[in-house]
Amino acid sequence: MLKHRILIPLLAVLLSTPAFADKPGGTYQFDTEGQHQFILFKISHLGYSWLYGNFNEFTGSFTVDEDNPENSKVRAEIKTASIDSNHAERDKHLRSDDFLDVSEYPTATFESTGIEQTGERTAKITGDFTLHGVTKPVTLDAKMIGYGDDPWGGYRMGLEASTTLKLADFGITKDLGPASETVEIIISVEGVRQ
Amino acid sequence: MKLRNDKARYGWVAIGLHWLVALAVFGLFGLGLYMVELGYYDPWYQSAPDLHRGVGLTLLAVALIRLAWRALSPPPAPPGDHHRWEKTGARLAHWGLLVLLFAAMISGYLISTADGSGIDVFGLFEVPSVTGRQNGLEDSAGLVHYWSTWALVVLAGLHGLAALKHHFIDRDATLKRMLRP
C-alpha cells in the first residue's frame, strides 16, 4: 500500500514532465502506410496558370535532435515513375527521356547536410538533391506543423517544406517556355516516431 | 460495278477498304513519329495528336467493317500459280497484319484513356474510357503501341514487297487484283 502511495504520485510527476510527455526528439518514419505524405510539384503553364502534380510513391525519415537542432536530419527517396498530374498522356511524357527519364533514373533522393533553425517552428534544411542523375545542393524552407501523441498509441510530427528548382540545373532541358523553367516542390509529411 | 468478292477476284469494297487501311496505317505511323518530336510551342503540338487519335479511332471502325465484310463476302482464293510456301507465307502475313493492326489501335486508345478520360473524335463525339483510371497503364500500353506499330509497318512493307515481287518477277496477277476487280 505504501509502495503505491509513493509510486503513483512519482509516476504522475514523471509522466507530466516534458521529458516523458512532450519531448519530440527521435527518429520518425514518413507515414507511407497511412498516406499522410505528399510531394507536390507546381509549375507554370505558359505563364498563365499553375499546373500541380504529385509523386505518389516515396519513403523517408527524419531525426529530430532537440538539444542540437543542427544535428537533425532528413532523407527521402522518391520513385520518379509515380509522377501523377491526372493526365495519362502527360504523365507518360513526363516519364519519358524528354523529362524525368524514369527508366534510366528510377529514383530521386534528398539527403540533408545541414539544418539551420530560423524560428521556433521554422528551419532552412540544406541537402543534396539527386534528380535525373544530377546531384545539386538545394535548400528547403521547412516548417514544423505540429507534433504529439496520436490517438492510437503512437507519436507523430508533421513537417512541410518547399523549394524551387531550375529544371535545366538537373539536365532537364525540354523547352516549356520562359515562364516554366523552374518548378516548385512542396513536401508535406507526417512522421511516426520509431 | 462489282462490289462483292468472288472466287477469283476482289470486289471494289474489299479493294477500297484495303487501300484505305494502308493509307491510314502509314499516315498514322508518320504522324505519330512526327508529333512526338514537336516542340511545346509548335502550332501542331495539340492538333497533330488530336488528328492521330481521331484517325486512329476511325480506322478502328473501318477495320471492324473490313472484318465484317470479309465474313459477308469471303476473299478470293490465292492465285493458283503461287507456290505452297508463298500461300502459307501470305496467310501468316495477313493474319499477322490483322493482329498487329488491332494491337496498335487498342494500345493507342488505352494510352489516352488510362486516366479515365474519353477521346474526342474530330469534335464530333467522344469515345469513353473502358478501363477508368489505371495507374501506369499508359506506360505499358505505350510500350505495346510503340512496338506493335513498328512491327506493323515493317510487316506491311514486306507484304508490299511481296506484291511487287509477284508483279515484276513472277509477272502474275496478284497485285493487279488488288487494284481493280
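Below is a summary of the structure that appears in this document. (Residues numbered from 1 in each chain as written. Chains lettered and ligands numbered in written order. Predicted model: local features only at pLDDT ≥ 70, side-chain atom pairs only at ≥ 80, totals over all residues. Heavy atoms only, no water.)

Residues and elements named next belong to chain A. With the rule as written, the count across this model stands at one cavity of 30 Å³ or more. Taken as a whole, the largest cavity encloses approximately 230 Å³ of empty space. Lining the largest cavity are 18 residues, and of these Val74, Phe110, Leu140, Ala161 and Ile187 sit closest to its centre. When residues of the lining of the largest cavity are traced back to their parent elements, those giving at least two are strand S5 (73-79), strand S8 (122-131), strand S9 (134-149), strand S10 (155-166) and strand S11 (182-193). The element best represented in the lining of the largest cavity is S10, accounting for four residues. (1 Å grid on protein atoms, 1.4 Å probe; cavity = no way out; pocket = protein on both sides within 12 Å on 5 of 7 lines; lining within 4 Å. Points joined across faces, edges and corners; volume = space filled by probe spheres on them. Helix = DSSP H or I, 4+ residues; strand = E, 2+ residues; numbered from the N terminus.)

Contacts between chain B and chain A engage 14 residues on the former and 16 residues on the latter. Summed over both sides, the interface between chain B and chain A buries roughly 1300 Å², with carbon and sulfur atoms accounting for 44% of that surface. The interface formed by chain B and chain A contains four salt bridges. Taken together, the links from chain B to chain A amount to eight residue pairs in polar contact (both at pLDDT 80 or more). Broken down by element, the residue count for the side of chain B that touches chain A peaks at three residues, all from helix H4 (residues 137-168) of chain B. Taken together, the residues of the side of chain B that touches chain A break down into six nonpolar, three polar and five charged. (Contact = heavy atoms within 4.5 Å. Buried area = accessible area lost by both parts, 1.4 Å probe. Salt bridge = Lys/Arg side-chain N within 4 Å of Asp/Glu carboxyl O. Polar contact = N/O pair within 3.5 Å; in protein donor to acceptor, adjacent residues only side chain to side chain. Nonpolar A, V, L, I, M, F, W, Y, C, P; charged D, E, K, R; others polar.)

Let's shift gears to the pattern of salt bridges. Residues and elements named next belong to chain A. One pass over the structure, following the stated rule, counts 16 salt bridges over all chains. One salt bridge in this structure joins Lys23 and Glu66, with 3.8 Å as the shortest N-O distance. Of this pair, Lys23 sits in the loop between helix H2 (18-21) and strand S1 (26-30) while Glu66 sits in the loop between strand S4 (58-64) and S5; the two residues are 43 residues apart in sequence, bridging distant segments of the chain. Residue class for Glu66 comes out partly exposed when judged on its relative accessible area of 34%. Ionic contacts of the salt-bridge type, sharing partners, join the residues Asp31, Asp150, Arg156 and Glu190 into one network. (Buried < 20%, exposed > 50% of the residue type's maximum accessible area, 1.4 Å probe, protein only.)

One finds Phe41, Phe62, Phe129, Leu131 and Leu165 of chain A to be the most contacted residues of the largest nonpolar core, which totals 41 residues. A total of five residues in this core trace back to one element, the largest contributor, which is S10 of chain A. If you look at the next biggest cluster of nonpolar residues, it comprises 25 residues, including Ala24, Val25, Leu100 and Leu155 of chain B. (Core = buried A, V, L, I, M, F, W, Y, C linked by side-chain atoms within 4.5 Å.)

For helix H1 (residues 12-35) of chain B, spanning 24 residues, the distance from its first C-alpha to its last is 33 Å, which sits close to the expected 34 Å at 1.5 Å a residue. Where H1 of chain B is buried, its residues meet helix H2 (44-72), helix H3 (84-113) and H4 of chain B. (Expected span 1.5 Å × (residues − 1).)

Another point: the packing of H2 of chain B against H3 of chain B. All names here are of chain B. Relative orientation of the contacting elements H2 and H3 amounts to 145°, with a least axis distance of 10 Å. Crossing geometry of H2 relative to H3 is assigned as left-handed. Packed against H2, whose contacting residues are Arg53, Gly56, Leu57, Leu59, Leu60, Ala63, Leu64, Leu67 and Arg70, the element H3 presents Trp95, Leu98, Leu101, Phe102, Met105, Tyr109 and Ser112 at the interface. For the contact of H2 with H3, the residue count by class is 12 nonpolar, two polar and two charged. (Axes fitted to C-alpha atoms, helices over the stretch in contact; angles between N-to-C directions. Left-handed = near helix turned anticlockwise from the far one by under 90°.)

Residues and elements named next belong to chain B. Approximately 1600 Å³ is the volume found for the second largest pocket. Elements with a contribution of two residues or more to the lining of the second largest pocket: H1, H2, H3 and H4. Sort the elements by how many residues they give to the lining of the second largest pocket and H3 lands first, with 13 residues. Of the residues in the lining of the second largest pocket, the class split is 33 nonpolar, 10 polar and seven charged.

Turning our eyes to something else, we now look at the packing of H3 of chain B against H4 of chain B. When two helices pack together, their arrangement is given by the angle between the helix axes and by the axis-to-axis distance. Residues and elements named next belong to chain B. Interaxial distance between H3 and H4 falls to 8 Å at its minimum, and their mutual angle equals 150°. In terms of orientation, H3 lies roughly antiparallel with respect to H4. Where H3 crosses over H4, the two elements pack in a sense that is left-handed. When its residues are assigned to classes, the contact of H3 with H4 shows 15 nonpolar, 10 polar and three charged. (Parallel < 35°, antiparallel > 145°, perpendicular 65-115°, else oblique.)

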